[in-house]
Amino acid sequence: MAGAAHPEAMAPPKKGPTRTAPPQMPESWWGAPRIRTYLLFGATGIVYFLAGTVVLKLAWALGTGPEAWDRALGDLSHPLYLVFHALTLVSLIFVGVRAFGTMMPKMQPRNGPLPVLAAGTVKGLIFGAWAALTVLLGLILAGKIFP
Amino acid sequence: MKHLLLKLEPIIWLLFGAGLSIGTMLLTGFVIVVGLAIPMGLVDPSALAYPRAHALASSWLGRLVVLGLIALPLWKGAHHIRSLSVDFNGGDRDGAVGGLLYLAAGICSVLGIIAVAQL
């Protein structure tokens, strides 16, 4: 039976930086569903960034006074804002389904003090928290709770 | 710049991760009601008349939620746009692009803190 290989057996004669090829996007990326989905996931960043600035604008108007607040809220009825918010909702659902449903169940620490939960349990907990927070915040904002 | 970004990576990833998870959870209900249902007339706009909106947002929990709604999506967005830039052969310009994006997210976050403090 062969002995254990020497850990340095495959090392180059001279130490140097790890030789890796620079990452490159394949030219046919639009035809590869996995890359396309991955890029779409990254592209939601543009929508998130803009959504953050919209909330900043609203918060600023709320701090300015009633007229500014009414004007800012009224601006949201513009078709461009409606299209943007529809796109934001699609992006949020896409990110939530991909991150909470696919990625997070696989990201549990394997050697920590906490038990590793089944993927279905993790999905259920995260989706449950997402749904509960969405309903709670929605009802509060719609005036159904704390009127 | 690249060296600084590497040093700040734990903070950036913390904000990015919070934006991805908590930001998504908070923003969904907000966008459904404030971005869509009220402008489309599905919810009575008086629900967010100034006195009620101000009372909700100026409580300590309200301020925290509003700040989360501003800052977390910005950091998630900045980091994902940076990674998108790298994916499209932007490795060489990554220091400048990443620096600009995080600077923009940082400035808007500070403005968010000021906006929330003014409530």
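Here we summarise the structure given alongside this text. Nothing here was measured: the structure is a model prediction, and the numbers come from that model.

Regarding the overall build of chain A
On a plain count of helices and strands, chain A comes out with 4 helices and 0 strands. For chain A, the succession of helices and strands along the chain, N to C, is α-α-α-α. For chain A, the proportion of its 147 residues judged to be buried stands at 21%. At a minimum sequence separation of 6, the contacts of chain A that also span at least 24 residues come to 35%.

Looking at the overall build of chain B
In terms of regular secondary structure, chain B is built from 4 helices and 0 strands. Reading the helices (α) and strands (β) of chain B from amino to carboxyl end gives α-α-α-α. Along the first, second and third principal axes, the C-alpha set of chain B runs to 50 × 30 × 20 Å. Buried positions account for 43% of the 119 residues belonging to chain B. Pairs at least 24 residues apart make up 75% of the contacts formed inside chain B by residues separated by at least 6 positions.

Things to note about the interface of chain B and chain A
For an interface, size is often stated in terms of accessible area lost upon the parts coming together. Residue-level contacts link 53 residues of chain B with 47 residues of chain A. Elements represented by at least two residues in the side of chain B that touches chain A include exactly helix 1 (2-37), helix 2 (50-58), helix 3 (60-87) and helix 4 (94-117) of chain B. The greatest single-element share of the side of chain B that touches chain A, amounting to 17 residues, is contributed by helix 1 of chain B. When grouped by side-chain class, the residues that make up the side of chain B that touches chain A number 35 nonpolar, 15 polar and 3 charged.

Regarding the packing of helix 1 (residues 33-64) of chain A against helix 3 of chain B
Relative orientation and spacing of two packed helices are given, respectively, by the angle between their axes and the distance between those axes. Between helix 1 of chain A and helix 3 of chain B, the shortest axis-to-axis distance is 7 Å and the interhelical angle comes to 150°. Viewed along their axes, helix 1 of chain A and helix 3 of chain B adopt a mutual orientation that is roughly antiparallel. Crossing geometry of helix 1 of chain A relative to helix 3 of chain B is assigned as left-handed. When its residues are assigned to classes, the contact of helix 1 of chain A with helix 3 of chain B shows 18 nonpolar, 8 polar and 2 charged.

Points about the nonpolar core
Judged by nonpolar contacts, the single largest core of 55 residues is most densely connected at A:Ala59 and B:Phe30. The set of elements that each furnish at least two residues to this core consists of helix 1, helix 2 (66-75), helix 3 (79-103) and helix 4 (119-141) of chain A together with helix 1, helix 2, helix 3 and helix 4 of chain B. Examining the composition of this core, we find that 12 residues originate from one element, helix 1 of chain A, more than from any other. When residues no more than four places from it in sequence are discounted, the contact partners of B:Phe30 are A:Leu137, A:Leu141 and B:Leu69.

Notes on helix 3 of chain A
The terminal C-alpha atoms of helix 3 of chain A lie 34 Å apart, and with 25 residues this matches the ideal 36 Å at 1.5 Å per residue to within 8%. Within the span of helix 3 of chain A, buried status applies to A:His85, A:Thr88, A:Ser91, A:Leu92, A:Val95, A:Gly96 and A:Phe100. The secondary structure elements touched by the buried residues of helix 3 of chain A are helix 1 and helix 4 of chain A together with helix 1 of chain B.

Re the environment of A:Phe49
Looking at the secondary structure, you find A:Phe49 in helix 1. When neighbours within four sequence positions are excluded, A:Phe49 is seen to be in contact with B:Pro73, B:Leu74, B:Gly77, B:Ala78 and B:Ile81.

Some words on helix 4 of chain B
Given 3.6 residues to a turn, an α-helix orients residues that are three or four positions apart in the same direction. The end-to-end C-alpha separation of helix 4 of chain B is 34 Å, in line with the 34 Å expected for 24 residues at 1.5 Å each. Turning to helix 4 of chain B, its buried residues number three or more, namely B:Gly98, B:Leu101, B:Tyr102, B:Ala105, B:Cys108, B:Ser109, B:Gly112, B:Ala115 and B:Val116. Contacts from the buried residues of helix 4 of chain B go to helix 1 of chain A together with helix 1 and helix 3 of chain B.

Digging into the packing of helix 2 of chain B against helix 3 of chain B
Residue and element names in this part refer to chain B. Following both chains from N to C, one finds helix 2 and helix 3 inclined at 90°, their axes separated by 5 Å at the closest point. Between helix 2 and helix 3, the interaxial angle falls into the category roughly perpendicular. Within the contact between the two elements, helix 2 uses Leu-56, Ala-57 and Ser-58 and helix 3 uses Gly-62, Arg-63 and Val-66. Of the residues in the contact of helix 2 with helix 3, the class split is 3 nonpolar, 2 polar and 1 charged.

Thoughts on the environment of B:Leu69
Considering the arrangement of structural elements, one finds B:Leu69 in helix 3. Looking at B:Leu69, the number of C-beta atoms within 10 Å reads 29, which means it is buried. The sequence separation of B:Leu69 and B:Gly19 amounts to 50 residues, and the corresponding C-alpha distance is 8.9 Å. Those residues in contact with B:Leu69 that lie beyond four places of it in its chain are A:Val55, B:Leu26, B:Leu27 and B:Phe30.

Thresholds, definitions, all that
- Residues numbered from 1 in each chain as written.
- Chains lettered and ligands numbered in written order.
- Predicted model: local features only at pLDDT ≥ 70, side-chain atom pairs only at ≥ 80, totals over all residues.
- Helix = DSSP H or I, 4+ residues; strand = E, 2+ residues; numbered from the N terminus.
- Buried ≥ 20, exposed ≤ 12 C-beta atoms within 10 Å, placed from the backbone.
- Contact = placed C-beta atoms within 7 Å.
- Nonpolar A, V, L, I, M, F, W, Y, C, P; charged D, E, K, R; others polar.
- Axes fitted to C-alpha atoms, helices over the stretch in contact; angles between N-to-C directions.
- Parallel < 35°, antiparallel > 145°, perpendicular 65-115°, else oblique.
- Left-handed = near helix turned anticlockwise from the far one by under 90°.
- Core = buried A, V, L, I, M, F, W, Y, C linked by C-beta atoms within 7 Å.
- Expected span 1.5 Å × (residues − 1).

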